[in-house]
Structures are given as C-alpha cells and as structure tokens.
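Chain by chain, the residues run as shown.
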Amino acid sequence: MARAFASTILDAPIEAVWSVIRDFNGLPSWNPAVTRSEIEGGLASDVVGCIRSFHLANGAHVRERLLSLSDRDYSFAYNFETPAFPVENYIARVKLLPVTDGDRTYAEWEAVFDEAPEDRGKYVEIIGQHVFQAGWDALKPVVAGRAAPAGAQRWAGFPPNKVWCSTVLDGPAEAVWQVIRDFAGMGAWHDDITEMHMIGGGRSDQVSGTRDFRFSGSPLHEKLLHLDDAERSFSYCITRCEMPWMNYVSGARLFPVTDGNRTLGVWTGDWLASPQDDVALIPNTERNVYLKALRTVNARHFSRA
C-alpha cells in the first residue's frame, strides 16, 4: 500500500483554519485547482456520508465521500467514489494541530492507496506534492492573519491534557528525535536540570528504567513508560517529587513538517493537584518545562536564525 503525505505550518490559529477547510464543499473558495463543487442530493456539507462532486481546472470530474468529520480534533477523512487517479482503495485524511507557541496551525494531509505494479511510487509523488502540498500552498494566503471566529472554543471547550503545548523546530523530525529520545539526556538541553542519570546504570532506552536528577535543585525520579521510534514519542511518570501533585504522567511526540523539512514538537502532561496549586503548576510546567525544553533543543541544535 502506498502513502502520500504533506504537512505545513499555517500563519493563523487553528480555529480560523478549521473554519475554512471544514466545509467539505468549499474547495473552490481556496483551491484554484477546483473550479466548481456541489454536494449530491442537496445534503449539508457536514453530513457524514455525503458526496462532493467537483470539477478540476483541467476538466476532470471527481467524486469523494466524507467518511468522518470531527470538530473535536479538527480532522476529516474521505475516499474516492469517482477517482482522480488510477488508484484503488484510496482513503485520505486531513488533520490540524495547534501550534501554541505563536498561535499558528500544523496541517497534515495524507492518503493511503494501492497502485498498479507498473505505477509503483508514481502517484505518491503526484498526490503528495501536486495535490496536497499545492493545496496547502494555495491555502496559506487565504488564512494568513485570519482571526478565530467569534465564540470559537479550542478542543470543543477543554484540552485533551491538563497541559498541551507545541512549537516548531527548525530541524527534520528524525534528527530532533535522535536528540530527545535519550531519556537520560535532558540535562544536556534544559538549563534547570542537573545530575541526570539512569538509576542502576541502566540504558536510557529501556522502558521501565528510571532517571534520577535535580530540577532547580529539587530531587526527582521519573520512570519511562513507553518509547516509540516509529511514532517518535515517549512518555514517563514521576515516582519521586517534592511538588504538590500526584499521578503525574507526561510525554512528547514529534510530527514531521515536510514543507521546509521542519518538526512540530508536542509536549503534554496530566496530574492530580488542588485547584489552588494548579494555578501556578499549569503555566509553570508549560512555559518552564515543556516549551523551554523544546525551544532549547531547537536553539542549540537546529536554529536557522
């Protein structure tokens, strides 16, 4: 099975971008490759199962069925009913993520499909670059500087984690991953962390291993819960800490930005604490732990400034 993929960073908040691309019948409003479009049967464009019938600038007629639509996580999926290319089992997905550091948007567009043996790899390039990336390039000036619609609520009113933050790093995802996957290496790229080492001399890539360190002088132990080289993600929990929280679990994940060979770094955290303590814990953890870690990695290893 082949896969086409293109991702970019858009200079507008996620709510503004979603208000444009959510309309399954709205391609002609932002993509010059599509000249006209209609939803068959007079259905609304957010009815899952509806079919959009549209014509391309080159005269081709395409029909696509909406398979899923989520206002919760800013994504939708569709398939070919009347294909634009000679491929089979085509399913495409569009997904947005907020870039909280600067209030921009990460956008990815991907499709999986089967090609004929003689076409192997041909439509990966055509769809990935000439459809998906070309679409993102057309969308950029449409949404640039656009404000979120009045009353829009991110994550349908509440975030998926107590802290959810992200930033763009100037290096490719695999290179960034080689820096941050070392569970005992954070002391080398976070100024507030000292004396970090794996307890018992264990490996830093061994799940269940525990790292011992000091954060701003306070002792901590953190246990590695998962490490995923395919997804470029890890998570860990605190087993020793002087902070007023319980059941702390945190982790990071990287997303490739093919447009410019960059990386979206996402870092999240959850825990239990009193509302009074969370007033300080939440912003401090976001700014001085997660974002500081990602920004420092970028500045020391990948900054193009």
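Details of the structure are given in the entry above.
These numbers come from a predicted model, not from an experiment. (Residues numbered from 1 in each chain as written. Predicted model: local features only at pLDDT ≥ 70, side-chain atom pairs only at ≥ 80, totals over all residues. Heavy atoms only, no water.)

(A) Spatial organisation of the overall build of the protein chain. For the protein chain, the helix and strand inventory stands at four helices and 14 strands. Oriented by its inertia axes, the alpha-carbon framework of the protein chain measures out at about 65 × 50 × 35 Å. The contacts of the protein chain with a sequence gap of at least 6 include a subset with a gap of at least 24, amounting to 53%. Within the structure as shown, the protein chain displays about 14,000 Å² of accessible surface, and the carbon and sulfur contribution to it stands at 50%. Here the protein chain contributes 30 positive and 39 negative side-chain charges, whose respective centroids are spaced 2 Å apart. (Helix = DSSP H or I, 4+ residues; strand = E, 2+ residues; numbered from the N terminus. Contact = heavy atoms within 4.5 Å. Areas by Shrake-Rupley, 256 points an atom, 1.4 Å probe, with all protein chains shown as cover. Lys, Arg positive; Asp, Glu negative; His and termini not counted. Charge placed at Lys NZ, Arg CZ, Asp CG, Glu CD.)

(B) Focus on the nonpolar core. Of all hydrophobic cores here, the largest spans 52 residues; its most connected members are Ile21, Tyr90, Tyr106, Phe113, Phe132, Leu139 and Leu264. Apart from the residues within four sequence positions on either side, Tyr106 is in contact with Phe5, Ser7, Thr8, Ile9, Lys95, Leu96, Leu97, Val99, Phe255, Pro256, Val257 and Leu264. Trp189, Met196, Phe234 and Val289 belong to the second largest nonpolar core, which has 34 residues in total. (Core = buried A, V, L, I, M, F, W, Y, C linked by side-chain atoms within 4.5 Å. Buried < 20%, exposed > 50% of the residue type's maximum accessible area, 1.4 Å probe, protein only.)

(C) Inspection of helix H3 (residues 173-180) at higher detail. Along H3, the positions that sit buried rather than exposed are Ala173, Val176, Trp177, Val179 and Ile180. Buried residues of H3, seen end-on, are gathered within an arc of 160° and therefore sit on one face of the element. Where H3 is buried, its residues contact strand E8 (163-169), strand E11 (218-228), strand E12 (233-240), strand E13 (246-257), strand E14 (262-272) and helix H4 (275-302). (Arc of directions from axis to C-beta.)

(D) Quick look at the environment of Arg253. Its location among the elements puts Arg253 in strand E13. With 73 residues separating them along the chain, Arg253 and Ile180 place their C-alpha atoms 9.8 Å apart. Those residues within four positions of Arg253 in sequence are excluded, and the remaining contacts are Glu231, Arg232, Ser233, Leu264, Gly265 and Val266.

(E) Region of the structure containing the sheet that holds strand E7 (residues 104-114). Taken in spatial order, the seven strands line up as E1-E7-E6-E5-E4-E3-E2 in an open sheet, and their pairing is antiparallel. Only two strands of the sheet have a single partner each, and these edge strands are strand E1 (2-10) and strand E2 (34-39). Sheet twist, expressed as the average angle between the axes of neighbouring strands with direction ignored, equals 20°. Note: strand E6 (residues 88-99) against E7, 10 bridges, orientation antiparallel. Within the sheet, the bridge partner assigned to Arg93 lies in E7 and is Glu110. The sheet strands contacting helix H1 (residues 14-21) are E1, strand E4 (61-70), strand E5 (75-82), E6 and E7, and the helix crosses E6 at an angle near 150°. Contacting E1, E5, E6 and E7, helix H2 (residues 122-143) crosses the sheet at an angle of about 20° to E1. (Pairing = 2+ DSSP bridges. Axes fitted to C-alpha atoms, helices over the stretch in contact; angles between N-to-C directions.)

(F) How the structure looks around the packing of H3 against H4. Between H3 and H4, the least distance of the axes is 11 Å, while the angle of their chain directions is 110°. The angle between H3 and H4 places the two elements in the roughly perpendicular class. Handedness of the H3/H4 crossing: right-handed. Mapping the contact onto sequence places Ala175, Val176, Val179 and Ile180 in H3 and Val297, His301 and Phe302 in H4. For the contact of H3 with H4, the per-class residue count stands at six nonpolar, one polar and no charged. (Parallel < 35°, antiparallel > 145°, perpendicular 65-115°, else oblique. Left-handed = near helix turned anticlockwise from the far one by under 90°. Nonpolar A, V, L, I, M, F, W, Y, C, P; charged D, E, K, R; others polar.)

(G) Geometry of the sheet that holds E14. Strand order across the open sheet formed by seven strands is E8-E14-E13-E12-E11-E10-E9, with antiparallel pairing between neighbours. Each having just a single partner strand, E8 and strand E9 (193-198) make up the two edges of the open sheet. Averaged over all neighbouring strand pairs, the angle between strand axes comes to 20°, with direction disregarded. Across four bridges, the pairing between E9 and strand E10 (residues 210-215) is antiparallel. In the strand pairing of E10, Thr194 is matched with Arg214. With respect to the sheet, H3 is in contact with E8, E11, E12, E13 and E14, its orientation differing from that of E13 by roughly 150°.

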